[in-house]
Amino acid sequence: NPRVLPFSSDLPGDEAFMQRAIDLASLGAAWVSPNPMVGCVIVHNNTIIGEGYHERYGEAHAEPNAIKSVKDQRLLQEATLYVTLEPCAHQGKTPPCADLIVKHQLKRVVIGAMDSNPLVAGKGLSRIRKSGIEVTTGVLEDKIRWQNRRFFTRIEKNRPYILLKWAQTTDGFIARTNFDSKWISSVLSRQLVHRWRTEEDAIMVGTHTAHHDNPQLNARDWYGKDPIRVVVDRHLRLSPGLNLFDGSQQTLVYNHKRDGITGKTQWIKVDDSFHLKSLLADLQQKGVQSLLVEGGAALLESFIRQGLWDEARVFTGTGSFGLGIPAPRMPVIPQGRMVIDTDILETYYQHD
Ligand code: AOF
Ligand code: ZN
């Protein structure tokens, strides 16, 4: 319910209302993928008279929700509509938002970021302008592109947004030589990882990690949606008794041997020259817009080597192994560091 979001801002004019629209948009996180998060605010005489956001994939866009929420519809003709993304111009699951705006003859429209979806790009804007409505663009655009980085990456780079995550010792090991990596067990860092899992469409591990850690790869310590689980198991050696195959969530097994579906587990056969790019294309085709890669070292390294990553989040604990499986090395310098709790530091990286 948008009304529970308090509105207060030190930003001036257009930016204040656009920030409000960004906050509203974020309420759709976890539910709208592979669509973008979009928020909309309608302002009359410097007062918000309507609000809405894209709440769920397949349902109404932000603009009709906001327009519908205005009690006195006559005010629309004297109002400014703030929307974080260029209104759509295509007949999708709902009619074009640009047409709705034109129909209601809003006085002015302020757009945050342009939509790079080829169905929309520039068309929504020009349709509104042509009708004589005054339009301003590019308000808080960087913030909006960051908020929707998963969506923009899929559309512009034609692959899912990729986040790498691992935990390492102070001396740079990701696991002991026997693959034991359960050394990192801070309540806070685990909860954070579960939150991250709710934020992405899919989560992936390699064969060794699936076998040695027997992870559930769900988000039981945070409210939200469990991601699709993805595992690489070339020769189908993983035990069917692993948590990954407990049927609690959809699991995709990329392998060299067979195709098939049993319950919530799907086997996808790929040729011997296993390419991450074709795996990513298959995931994208299945509606996966973002992928969290949780290990192990070999899988993480192949993503890094091929430049197929957007963010990395690395935990460093206080312990050291002296010996073990080395953590991946990042080709760029960290963007920042954060203390998670007394024992754990998070270092984060961004590509480009
Ligand atoms: C808007 N307002 O709130 C959103 C937009 O499948 P559909 O019909 O829902 O269309 C999805 C596309 O529409 C999506 O890829 C993006 O280009 C745009 N999303 N547009 O005017 C919104 N969510
Ligand atoms: Zn729309």
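The preceding data block contains the structure.
To keep things clear, this report deals only with the structure shown in the data block. (Residues numbered from 1 in each chain as written. Chains lettered and ligands numbered in written order. Predicted model: local features only at pLDDT ≥ 70, side-chain atom pairs only at ≥ 80, totals over all residues. Heavy atoms only, no water.)

**Overview of the overall build of the chain**
Move 1: From N to C terminus, the chain includes ten helices and 17 strands.
Move 2: Over its C-alpha trace the chain gives a radius of gyration of 23 Å, about what one expects of a compact globule, namely 20 Å for 352 residues.
Move 3: Counting every position in the chain, which comprises 352 residues, the buried fraction comes to 52%.
Move 4: Nonlocal contacts in the chain, meaning residues at least 24 apart in sequence, comprise 68% of its contacts between residues at least 6 apart.
Move 5: Total accessible area on the chain is roughly 16,700 Å²; 50% of this is exposed by carbon and sulfur atoms. (Helix = DSSP H or I, 4+ residues; strand = E, 2+ residues; numbered from the N terminus. Rg over C-alpha atoms; globule rule 2.2 N^0.38 Å. Buried < 20%, exposed > 50% of the residue type's maximum accessible area, 1.4 Å probe, protein only. Contact = heavy atoms within 4.5 Å. Areas by Shrake-Rupley, 256 points an atom, 1.4 Å probe, with all protein chains shown as cover.)

**Notes on the coordination of the zinc ion (ligand 2)**
Move 1: All of the protein donors around the zinc ion (ligand 2) are His61 (ND1), Cys88 (SG) and Cys97 (SG); their distances to the metal are 2.0 to 2.2 Å.
Move 2: Coordination at the zinc ion (ligand 2) comes from four donor atoms whose angles at the metal span 100 to 117°, giving a geometry best classed as tetrahedral.
Move 3: Sequence positions of the residues that donate to the zinc ion (ligand 2) give the spacing H-x26-C-x8-C. (Donors = N, O, S within 2.8 Å, 3.2 Å for Na, K, Ca; no water. Tetrahedral: all angles 85-135°; square planar, octahedral: opposite > 155°, others 65-115°.)

**Some points on the pattern of salt bridges**
Move 1: Inspection of every chain in the model, using the stated rule, returns 16 salt bridges.
Move 2: With a closest N to O distance of 3.0 Å, Arg74 and Asp72 form a salt bridge.
Move 3: The class of Arg74 is exposed, set by a relative accessible area of 66%.
Move 4: Of the residues examined, Asp72 reaches a relative accessible area of 29% and is grouped as partly exposed.
Move 5: Salt-bridge contacts for Arg197 lead to Glu294; the nearest nitrogen and oxygen are separated by 2.9 Å. Of the two residues, Arg197 is situated in helix α7 (residues 187-199) and Glu294 in the loop between β13 (290-293) and α10 (297-305); the sequence distance between them amounts to 97 residues.
Move 6: You can call Arg197 buried: its relative accessible area is 7%.
Move 7: One continuous salt-bridge network, built from bridges that share partners, spans Asp14, Arg108 and Glu134. (Salt bridge = Lys/Arg side-chain N within 4 Å of Asp/Glu carboxyl O.)

**Looking at the side chain of His54**
Move 1: If you trace the backbone, His54 turns up in the loop between β2 (47-53) and α2 (62-68).
Move 2: Exposure remark for His54: the relative accessible area of 2% places this residue in the buried category.
Move 3: In terms of polar contacts, His54 uses its side chain to reach the side chain of Asn35, at 3.1 Å.
Move 4: A polar contact of 2.8 Å, which involves the side chain of His54, links it to the backbone oxygen of Ala60.
Move 5: Leave out the neighbours within four places in its chain, and His54 touches Gly28, Val32, Asn35, Pro36, Val38, Glu59, Ala60, His61 and Ala62. (Polar contact = N/O pair within 3.5 Å; in protein donor to acceptor, adjacent residues only side chain to side chain.)

**A word on the nonpolar core**
Move 1: In terms of nonpolar packing, the biggest core is built from 37 residues, with Met18, Ile42, Leu81 and Leu106 touching the most fellow members.
Move 2: For this core, the secondary-structure elements that each account for two or more residues are α1 (13-26), β1 (39-44), α2, β3 (80-85), α3 (97-104), β4 (108-113), α4 (123-130) and α6 (149-157).
Move 3: Counting residues per element, this core draws most heavily on α1, which supplies five residues.
Move 4: If you look at the next biggest cluster of nonpolar residues, it comprises 35 residues, including Val288, Leu300, Ile304 and Ala327. (Core = buried A, V, L, I, M, F, W, Y, C linked by side-chain atoms within 4.5 Å.)

**A short note on the site of ligand 1**
Move 1: Taken together, 19 residues are adjacent to ligand 1, and His61, Ala62, Glu63, Lys93 and Asp115 come closest.
Move 2: One of the side-chain nitrogen or oxygen atoms of Asn35 is found 3.2 Å away from an oxygen atom of ligand 1.
Move 3: Within the side chain of Asp115, a nitrogen or oxygen atom sits 2.5 Å from an oxygen atom of ligand 1.
Move 4: For ligand 1, the protein covers 95% of the area, taking 520 Å² as the surface of the free molecule.
Move 5: Each residue belonging to the shell around ligand 1 can be placed in one class, and the counts come to eight nonpolar, seven polar and four charged. (Near = heavy atom within 4 Å. Nonpolar A, V, L, I, M, F, W, Y, C, P; charged D, E, K, R; others polar.)

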